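# Working through the structure, step by step
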Amino acid sequence: MIIGNGISGVTTARHIRKLSDKKITIISGETDHFFSRTALMYIYMGHMKYEHTKPYEDYFWKKNRIELKRAFVESINHQQKELRLSGGEIMTYDKLVLAVGSKSNKFGWPGQDLKGVQGLYSFQDLEQLEKNAPNNKVCKRAVIVGGGLIGIELAEMLHARNIPVTFLVREKSFWNGVLPIGESEMLNRHISNNHIDLRLGMNLKEILSDDQGRARAVIIQETGEELACDLVGLTTGVSPNIDFLKDSGIELGRGIKVNPFLETNIKDIYAIGDCAEQHEGINGRRPIEAVWYTGRMMGEALAQTICSNRTPYNPGHWFNSAKFFDIEYQTYGWVFAQPRENETHFHWKHQDDTKCITICTETSSGKFLGINTFGIRMRHEVFDRWLTEARSTDYVVAHLKEANFDPEFFKKVESSILAAYQGQTVNA
Ligand SMILES: Cc1cc2nc3c(=O)[nH]c(=O)nc-3n(C[C@H](O)[C@H](O)[C@H](O)COP(=O)(O)OP(=O)(O)OC[C@H]3O[C@@H](n4cnc5c(N)ncnc54)[C@H](O)[C@@H]3O)c2cc1C
C-alpha cells in the first residue's frame with residue numbers, strides 16, 4: 001500500500017511491479033492519476049494541458065495491475081496494519097509506503113487564510129489560481145511573498161497573463177542563501193528586466209481584508225507601505241506533509257524519520273520523497289531533499305528493499321536544475337553561496353548579463369567540487385563522471401566543451417571563460 005501518487009510513490013509502484021507480482025495499491029487524495037508537479041506552471045501559461053503532464057497513459061495502471069484509489073488517509077493504526085480513509089473506510093496493508101510529499105509553509109501572518117491568499121503546490125492550488133487570477137481585470141496586482149524557486153515560477157506565470165507582480169523577498173539579494181552573489185545579483189537584474197517589482201529585504205507584515213473576507217492589500221513590515229492587490233502568493237518554502245501522522249507512533253522530526261534504507265521506526269512502514277527525513281544527511285546531503293529526482297531514486301531503492309533485496313538510498317552526486325524566467329540554471333556537485341574553508345570560487349559572467357558560471361575548487365588540491373551554470377546548458381553525465389573521477393578544476397575548464405549541450409553556441413563563450421580562468425589562476 002502506497003500513500004501518495006507523486007513521483008516517489010509511483011516510482012516505487014512501478015519498480016515493485018518490475019520485480020514482483022505483489023498486490024500494489026496507491027491511495028492519493030489530490031488527483032486520479034500521477035502528473036508532473038514541476039509542469040504545473042506550464043498549464044497556467046497555456047503551454048500544456050493537464051493531460052500532457054501525465055507521464056503515463058490512463059490504461060497503464062490497469063495493464064500493470066497497479067490499483068489506484070482516490071481518497072485521503074486520515075490516520076494509521078500500525079498495530080492492526082490499518083488505514084482509515086476520510087469517509088470512514090478502513091483498508092489494511094502488509095507493507096506501507098508513505099510518499100505524501102510537502103505542503104506550502106505559512107508563518108502565522110494576520111490574514112494568511114483570507115480568500116485570494118494561496119500557495120502553489122497542488123493541482124487544487126492551480127485551480128484556485130485560475131479563479132483568483134484568471135486575467136488582469138480580475139487580478140489587477142499580485143503580491144508574491146518569498147523568493148525561492150516556486151516564487152519565481154509564480155511570478156513568471158502571472159507575468160505571462162500580464163498581471164503586475166510585486167515580489168517581496170526577505171533576503172538582500174534573490175536566493176542568496178543558495179547562490180553566490182554574482183549569480184544572485186544577475187538574477188535580481190533579470191527579474192526586474194522582466195517587469196517584476198522586486199522588493200529586496202522586505203517582509204510581509206499582514207494581509208488586509210475587504211468586507212467579503214478577500215485579501216485587498218498587504219502591509220510591508222520594513223516600510224509600513226500598503227500595497228493594494230487581489231492575489232497574495234505565499235511561496236515561503238515547503239515542509240513535509242505530516243500533520244495526519246502526529247498520533248501514529250511513527251517517529252517524526254520536521255519530516256518522517258528514516259534510516260538509509262528508508263525504513264521508519266515502525267516495522268513495515270517506509271517513507272520516501274519530500275516527506276522523508278534522514279536521521280543524518282547522507283554524504284553531506286540535507287536530511288530532507290524536496291526535489292523531483294531524489295524522490296525517484298528513493299522509490300527505486302525502496303522497491304528493491306520491499307522485494308527482498310534490502311538496498312540503501314545512495315543519492316550519488318548532487319545535481320539540480322531550475323529556470324528563472326529565460327535563464328536556465330543547473331548545478332552539479334557543491335557550490336555554496338560562500339566558499340567554505342579550503343574552497344575557492346571562480347566566477348565568469350557574459351557581458352549580456354544572462355549567462356554565468358561559478359566553479360568551486362578545493363583550494364589545497366585543486367580538485368573540482370562543483371559548478372553552477374546559468375544560461376549555458378551542460379551535460380549531467382559528463383559532470384557526474386568528472387566528480388566521480390575527482391578531476392581537477394584545471395582539467396574541467398580545459399575540457400568544458402565536452403560537457404556542453406550546444407557546441408556551436410559554446411564556441412562563442414569558451415575562449416572568454418578560459419581567458420578569465422587563466423587570468424585568475426595567474427593572478428592568484
Ligand atoms: C510549482 C513547483 C515546481 C517545482 N519544480 C521543481 C523542479 O523544477 N525541479 C525539482 O527537482 N523539483 C521541483 N519541485 C519539487 C518536486 O515537485 C517535488 O520534490 C516532488 O514532486 C515531490 O514528490 P513526492 O512524490 O515526494 O510528493 P508529491 O508529489 O507531493 O506527492 C504526494 C501526494 O500524496 C498525496 N497525499 C498527501 N497526504 C495524503 C494523505 N493523507 N492521503 C492521501 N494522499 C495524500 C498528496 O496529495 C500528493 O498527491 C517543484 C514543486 C512545485 C510545487
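Below you will find a few notes about this structure. Not measured: the values here are computed from a predicted model.

### A few points about the site of the ligand
Neighbouring the ligand are 30 residues, the closest being Ser 8, Glu 30, Val 73, Tyr 121 and Asp 274. A distance of 2.5 Å is found between an oxygen atom of the ligand and a side-chain nitrogen or oxygen belonging to Glu 30. Contact distances for the ligand include 2.8 Å between a nitrogen atom and a backbone N or O atom of Val 73. The protein chains hide 91% of the 1,000 Å² of surface that the ligand would expose on its own. Going through the elements one at a time, helix 1 (7–19) and helix 5 (149–160) are the ones with two or more residues in the shell around the ligand. A per-class count over the shell around the ligand returns 14 nonpolar, 12 polar and 4 charged. Residues from two domains meet in the shell around the ligand; each of domain 1 (2–103 + 239–306) and domain 2 (117–232) gives at least three.

### Regarding unusual backbone geometry
Most peptide bonds adopt trans geometry, and most residues besides glycine take a negative phi value. With a phi close to 65°, His 195 is a non-glycine residue in the positive phi region. With respect to the helices and strands, His 195 occurs in the loop between helix 6 (181–193) and strand 12 (197–200). With a phi angle near 70°, Asp 353 is a residue other than glycine that sits in the positive phi range. Relative to the helices and strands, Asp 353 resides in the loop between strand 23 (343–349) and strand 24 (356–362).

### Focus: the side chain of Thr 25
Structurally, Thr 25 is set in strand 2 (residues 24–28). Beyond its immediate stretch of four places on either side in the chain, Thr 25 contacts Met 1, Ile 2, Glu 67, Lys 69 and Met 91.

### Concerning the packing of aromatic side chains
The final tally for this structure, using the stated rule, is 25 aromatic pairs. Where Tyr 56 meets Phe 60, the ring centres are 4.3 Å apart and the plane angle is 25°; that geometry is what we call stacked. Tyr 56 gets classed as partly exposed once you look at its relative accessible area, which sits at 21%. Here a set of aromatic residues connected by ring pairs shows up, and it is made of Phe 167, Phe 174, Trp 175, Phe 324, Tyr 329 and Phe 374. The ring centre of Trp 318 lies 6.0 Å from the NZ or CZ of Arg 286, which sits over that ring.

Rules used throughout
- Residues numbered from 1 in each chain as written.
- Predicted model: local features only at pLDDT ≥ 70, side-chain atom pairs only at ≥ 80, totals over all residues.
- Heavy atoms only, no water.
- Near = heavy atom within 4 Å.
- Polar contact = N/O pair within 3.5 Å; in protein donor to acceptor, adjacent residues only side chain to side chain.
- Areas by Shrake-Rupley, 256 points an atom, 1.4 Å probe, with all protein chains shown as cover.
- Helix = DSSP H or I, 4+ residues; strand = E, 2+ residues; numbered from the N terminus.
- Nonpolar A, V, L, I, M, F, W, Y, C, P; charged D, E, K, R; others polar.
- Domains from an automatic or database assignment.
- Contact = heavy atoms within 4.5 Å.
- Phe/Tyr/Trp six-rings, centres within 6.5 Å; stacked < 30°, edge-to-face > 60°.
- Buried < 20%, exposed > 50% of the residue type's maximum accessible area, 1.4 Å probe, protein only.
- Lys NZ or Arg CZ within 6 Å of the ring centre and 35° of its normal.

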